[in-house]
Amino acid sequence: MSLTFFSLSFQCGICGFTIATGGAARLVFGYDSYGNTCGQRNEPIEGVRLSGLDHTDRKFVFFLDPCNIDIIQRKIKSMALCVSQCPTEELATYYDLKKFAMINGSELCSYELPGHKYPSLPERFEKCPKLPVPQSKALPVFNRCTPVDISCYAKFAEAVVTFVSDNSMLNRLIAGVAASKEIIVGLCLLALVLSMILMVIIRYISAVLVWILTGLVVLGSLGNWCFCCVMLPISIFLLLQGILLLLMLFMRKRVALTIALFHVAGKVFIHLPLLALQPFCTFLALSLFWVYWIMVLLFLGTSGEMKIPTGLVEFRLRGGLQYMTWYHAVGLIWISEFILACQQMTVAGAVVTYYFTRDKNKLPVTPILSSVLRLVRYHLGTVAKGSFIITLVKIPRLILMYIHNQLKGKENACARCMLKACICCLWCLEKCLNYLNQNAYAATAINSTSFCTSARDAFMILVENALRVATINTVGDFILFLGKILIVACTAITGVLALNYQRDYTEWVLPLIIVCLFAFLVAHCFLSIFEIVVDVLFLCFAIDTKYNNGTHGREFYMDKALMVSHR
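As the structure is a computational prediction, the values presented were derived from the model and not from experiment.

**Overview of the side chain of glutamine 344**
Right, on to step 1. Within the secondary structure, glutamine 344 is located in helix 11 (residues 320-355).
Right, on to step 2. Setting aside chain neighbours within four positions, we find glutamine 344 in contact with Gln438, Tyr441 and Ile532.

Next up, the structure:
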């Protein structure tokens, strides 16, 4: 629990620091090139002559040359000033600047230049806006004076516009997406509905899929065996085919257990329909956190300070702020994993409640809500530890991937092979730890033990049932993969029929690709919840069979479908 509070409090501390040091205010209200924040009274900065001004009445940021954009650095290469009003019309001469300053009280040249002397001052060429000054409007909330005529940004958009206009293929693809936007939205909704339906009906089709697959493997093995007997009487391949057939015969009960688990998982979704909303809740939580993270990162970017030789001020991260940014990046990974782990713990708690309730009619009114409350009250520390372990493995892998991309084409074959091997090993370790964590959360939901104790207990259970685990993971993953393919295929076929009136393939191929990618993403999110349910049910089943034998006083908790497969 203390680990959770430490992480969250430090993240909140970073946000509080940026607000206290003015980074948030500078980003929202804007600041001039002398370090003054617009719309408020400022403290002087040592060595900057025009800092520390009172800009209470100057609430808008005005750039002397707003069209001078540095595409590489992604910023406007121009002096910025705080003004009381953006220019409401084009100002073609310095006399227009003088007139605007006299009438509106908004001086558009540097602060030390008096408005009534603009036309005669020699400094006007460096410290006044580039003529003609375009008509501008203030951006909502952020108070930046932005030219009304967007052609001002022609240099910035020229490359993109030229590429699109000159590339007829790309132009037609983009036009096809724009013309099919209603169909794209409809097909995405169709993929969403199909995913929710599949989670309920997969228990009926899983048995058919598994036994068809098993039958095909057996028939193929027998065919190969007969071929080898006729053509190659003495063959290692013949021995391998025999071993495969014996293995299929030996694993039939474990395959039946997998089918039974899928059947019971479908019942879980019928009794706990709110489980289907978990992907939405998780996506919403991740989206809100990512928005918060980006905002704090932008706040940090304006919390530093750097004076350049011309006497102007730019804000850059220096010293300890750089380390704070690194921690903020670690927080992105850690808290994202924490949110995903909270989803796993919530699902595990609800499924455990379902499994160990003998009379399903006496289930709590809201098992999902009860699971969330138990998570918040008792198990946040468990989830924080599990997500922190994943973070410790993920960060080195990401660093090695970055190094590999930076050295692409420069490193020798041996270094490239070593880097890829390390990345692959860390990826495998991360997957194994994710699986162990998920089972540890389920063990925590069952026994209310600490993370380490639950992880040890779950590991021992998995080792004792290694063959069952292997069968469930291979056969179960294959069924879920077929489910994803089924959803994508149905969506794609419907998309082809809906877009068929557009004869040129370039007009419907990109919309179809977008829809298929979305369908696969949605199917993956929903069936991942189904996979968690199956894994939690298996752990409950393994614990049930370990401590109960079906006799009086030690009755099983399992569903009848599981009881049949257990015999």
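**Section: the state of the cysteines**
Right, on to step 1. According to the stated counting rule, one finds three disulfides in the structure shown.
Right, on to step 2. One disulfide in the model links cysteine 38 with cysteine 82; its S-S distance is 1.9 Å. Where cysteine 38 bonds to cysteine 82 through sulfur, the torsion about that S-S bond is close to -80°, and the disulfide is left-handed. One end of the pair, cysteine 38, is in the loop between helix 2 (23-29) and strand 1 (60-63); the other, cysteine 82, is in strand 4 (residues 80-83), with 44 residues separating them in the sequence. Side by side, cysteine 38 and cysteine 82 carry an identical accessibility label, which is buried.
Right, on to step 3. Two residues share a disulfide in this structure: cysteine 109 and cysteine 128, whose sulfurs sit 2.0 Å from each other. The sign of the 115° torsion about the S-S bond sets the cysteine 109-cysteine 128 disulfide as right-handed. Of this pair, cysteine 109 sits in the loop between helix 3 (94-104) and helix 4 (124-127) while cysteine 128 sits in the loop between helix 4 and strand 5 (136-138), placing them 19 residues apart in sequence. Exposure class is identical for cysteine 109 and cysteine 128. Each is buried.
Right, on to step 4. Left without a disulfide partner, cysteine 425 is nearest to the cysteine sulfur of cysteine 424, which lies 5.8 Å away.

**Quick look at the UniProt feature "transmembrane region" (unreviewed entry) in the chain**
Right, on to step 1. The feature "transmembrane region" (unreviewed entry), as given by UniProt, occupies residues 183-201, 208-225, 231-250, 257-277, 283-304, 325-356, 478-502 and 508-541 in the numbering adopted here.
Right, on to step 2. Across residues 257-277, the secondary structure splits into 71% helix and 0% strand, with the terminal C-alpha atoms separated by 27 Å.
Right, on to step 3. In this annotation, residues 325-356 is assigned 97% helix and 0% strand; the end-to-end C-alpha distance for the span is 46 Å.

**Comments concerning the packing of helix 15 (residues 466-498) against helix 16 (residues 509-547)**
Right, on to step 1. Taken N-terminus to C-terminus, the directions of helix 15 and helix 16 make an angle of 155°; their axes are 9 Å apart at the nearest point. Taken as axis vectors, helix 15 and helix 16 run roughly antiparallel relative to one another. Of the two possible hands of crossing, helix 15 and helix 16 adopt the one that is right-handed.
Right, on to step 2. Here the contact of helix 15 with helix 16 is composed, by residue class, of 18 nonpolar, six polar and five charged.

**Topic: the confidence of the model for the chain**
Right, on to step 1. Per-residue pLDDT for the chain has a mean of 79; in total, 75% of the residues score no lower than 70.
Right, on to step 2. Mean pLDDT across the elements of the chain ranges from a minimum in helix 5 (residues 154-166), with 48, to a maximum in helix 14 (residues 451-464), with 92.
Right, on to step 3. A low-confidence stretch, residues 159-167 (pLDDT under 50), is modelled with four contacts involving residues beyond four sequence positions or located in other chains.

**Side note on the packing of helix 13 (residues 413-447) against helix 16**
The packing of two helices is summarised by the inter-axis angle and the distance between the axes.
Right, on to step 1. Two elements in contact, helix 13 and helix 16, have axes whose closest approach is 10 Å; the angle formed by their N-to-C orientations is 55°. In terms of their interaxial angle, helix 13 and helix 16 are classed as oblique. In the crossing of helix 13 with helix 16, the sense of the turn from one axis to the other is right-handed. Contacts between helix 13 and helix 16 involve Tyr435, Gln438, Asn439, Ala442, Ala443 and Ile446 from the first element and Glu531, Ile532, Asp535, Val536, Leu539, Cys540 and Ile543 from the second.

**Observations regarding helix 3**
Because the α-helix completes a turn every 3.6 residues, residues three or four places apart line up on one side.
Right, on to step 1. If you check which residues of helix 3 are buried, you get Tyr94, Leu97, Phe100 and Ala101. Angularly, the buried residues of helix 3 cover 115° about the axis, an arc narrow enough to put them on a single face. The exposed set on the far side of helix 3, more than 90 degrees from its buried face, consists of Tyr95, Lys99 and Ile103.
Right, on to step 2. Looking at the buried positions of helix 3, the neighbouring elements they touch are helix 4.

Reading guide: rules and limits
- Residues numbered from 1 in each chain as written.
- Predicted model: local features only at pLDDT ≥ 70, side-chain atom pairs only at ≥ 80, totals over all residues.
- Heavy atoms only, no water.
- Helix = DSSP H or I, 4+ residues; strand = E, 2+ residues; numbered from the N terminus.
- Contact = heavy atoms within 4.5 Å.
- Disulfide = S-S within 2.5 Å.
- Buried < 20%, exposed > 50% of the residue type's maximum accessible area, 1.4 Å probe, protein only.
- UniProt positions renumbered as here; feature names shortened; annotations may be inferred.
- Axes fitted to C-alpha atoms, helices over the stretch in contact; angles between N-to-C directions.
- Parallel < 35°, antiparallel > 145°, perpendicular 65-115°, else oblique.
- Left-handed = near helix turned anticlockwise from the far one by under 90°.
- Nonpolar A, V, L, I, M, F, W, Y, C, P; charged D, E, K, R; others polar.
- pLDDT = per-residue confidence, 0-100.
- Arc of directions from axis to C-beta.

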